[in-house]
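Breakdown of the fold
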Amino acid sequence: GAVVSQHPSWVICKSGTSVKIECRSLDFQATTMFWYRQFPKQSLMLMATSNEGSKATYEQGVEKDKFLINHASLTLSTLTVTSAHPEDSSFYICSARDGEAPPIGPGELFFGEGSRLTVL
Amino acid sequence: DAKTTQPPSMDCAEGRAANLPCNHSTISGNEYVYWYRQIHSQGPQYIIHGLKNNETNEMASLIITEDRKSSTLILPHATLRDTAVYYCIVRVGGAAGNKLTFGGGTRVLVKP
């Protein structure tokens, strides 16, 4: 089945540095990708939606200058956490939509394995 | 997308059926019921989806009430590896329904 891969799976960084997380669709073209954030014991919260070649749409309360999203190709989206602080420590998950899959069913949305960010 | 209500947690015995309820009383006619699960420290995994009829696949069965205001996910023979948070989501299909809104889910603990 379709696979979405995230890299790195975990990262530790110092406060004030920037961290880039990659989300790749390995065997399909992802017309749309989504970025979620999940704090411990909480549900996934959608941060932004990115469409290939256009600017990302951010959810209310998510700082676009803090969380830079680039969807430069149909197989790659990146999330950059700029000037990271300890409160940005979280589990970041991407999902991708297969643009050629039938509109209804399991073959359209796939999730990555997640990337755990720890900011010291 | 319609809001869903699920019990926060439930335990079940290994080898027994696990029945996970979900209430979606404000579901619209064009919204599907989807179930995903998230095993600890992993991304969500698709389980099953349905519109009106009951559905079954290799992982689970989905029972949707006639008025579509609630549904039940059935794991027929729960194993320890089924321990996870299960999310019931209602959404429209296709591109318009890409944005999944996750509620609290049900934390299922399968016990030996």
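Scoring rules and cut-offs
Residues numbered from 1 in each chain as written. Chains lettered and ligands numbered in written order. Predicted model: local features only at pLDDT ≥ 70, side-chain atom pairs only at ≥ 80, totals over all residues. Heavy atoms only, no water. Phe/Tyr/Trp six-rings, centres within 6.5 Å; stacked < 30°, edge-to-face > 60°. Helix = DSSP H or I, 4+ residues; strand = E, 2+ residues; numbered from the N terminus. Buried < 20%, exposed > 50% of the residue type's maximum accessible area, 1.4 Å probe, protein only. Salt bridge = Lys/Arg side-chain N within 4 Å of Asp/Glu carboxyl O. Pairing = 2+ DSSP bridges. Axes fitted to C-alpha atoms, helices over the stretch in contact; angles between N-to-C directions.

What to know about the packing of aromatic side chains
In this description, an aromatic ring pair is defined by two values, namely the gap between the centres and the angle between the planes. Under the defined criterion, the tally for this structure stands at eleven aromatic pairs over all chains. For the ring pair A:Y36 and A:F111, a centre distance of 6.0 Å and an interplane angle of 45° mean the geometry is tilted. Taken together, the positions of A:Y36 in strand 4 (residues 30-38) and A:F111 in strand 10 (residues 109-111) put the pair 75 residues apart, joining distant regions of the chain. A:F111 carries the same exposure label as A:Y36, and that label is buried. Ring centres of B:Y34 and B:Y36 lie 6.3 Å apart, and the angle between their planes is 15°; on these two criteria the pair is classed as stacked. The structure contains a cluster of three or more aromatic residues connected by ring pairs, namely A:Y36, A:F111, B:Y34, B:Y36, B:Y46, B:Y87 and B:F102.

Looking at the pattern of salt bridges
Residues and elements named next belong to chain A. Evaluation of the coordinates by the stated rule reveals four salt bridges over all chains. Residues E22 and R24 are paired through a salt bridge, measuring 3.5 Å at the closest nitrogen-oxygen approach. In this structure, D88 and K66 form a salt bridge, with 2.7 Å as the shortest nitrogen-oxygen distance. With a gap of 22 residues between them, D88 in the loop between strand 8 (76-81) and strand 9 (90-98) and K66 in the loop between strand 6 (57-58) and strand 7 (67-73) connect regions that are remote in the sequence.

Describing unusual backbone geometry
All names here are of chain A. Look at the link from H7 to P8: it is a cis peptide, with omega at 0°. Looking at the secondary structure, you find P8 in the loop between strand 1 (4-7) and strand 2 (10-13). Notably, K41 is not glycine yet its phi reads approximately 65°, a positive angle. Following the sequence through the fold, K41 ends up in the loop between strand 4 and strand 5 (45-51). Take K41: its relative accessible area is 73%, and that puts it in the exposed class. Look at S83: it is not a glycine, yet its phi comes out positive at around 45°. Summarising the element assignment, S83 is placed in the loop between strand 8 and strand 9.

What about the sheet that holds strand 9 (residues 106-111) of chain B?
Residues and elements named next belong to chain B. Read across the open sheet, the five strands follow the order 1-9-8-3-4; overall the sheet is mixed. Each edge of the sheet is formed by a strand with only one pairing partner; in this case those strands are strand 1 (9-13) and strand 4 (45-50). Adjacent strand axes in the sheet meet at a mean angle of 25°, parallel and antiparallel pairs treated alike. Bridge count for strand 8 (residues 84-92) against strand 9 is three bridges, and the pairing is antiparallel. Counterpart to A84 in the pairing with strand 9 is V108.

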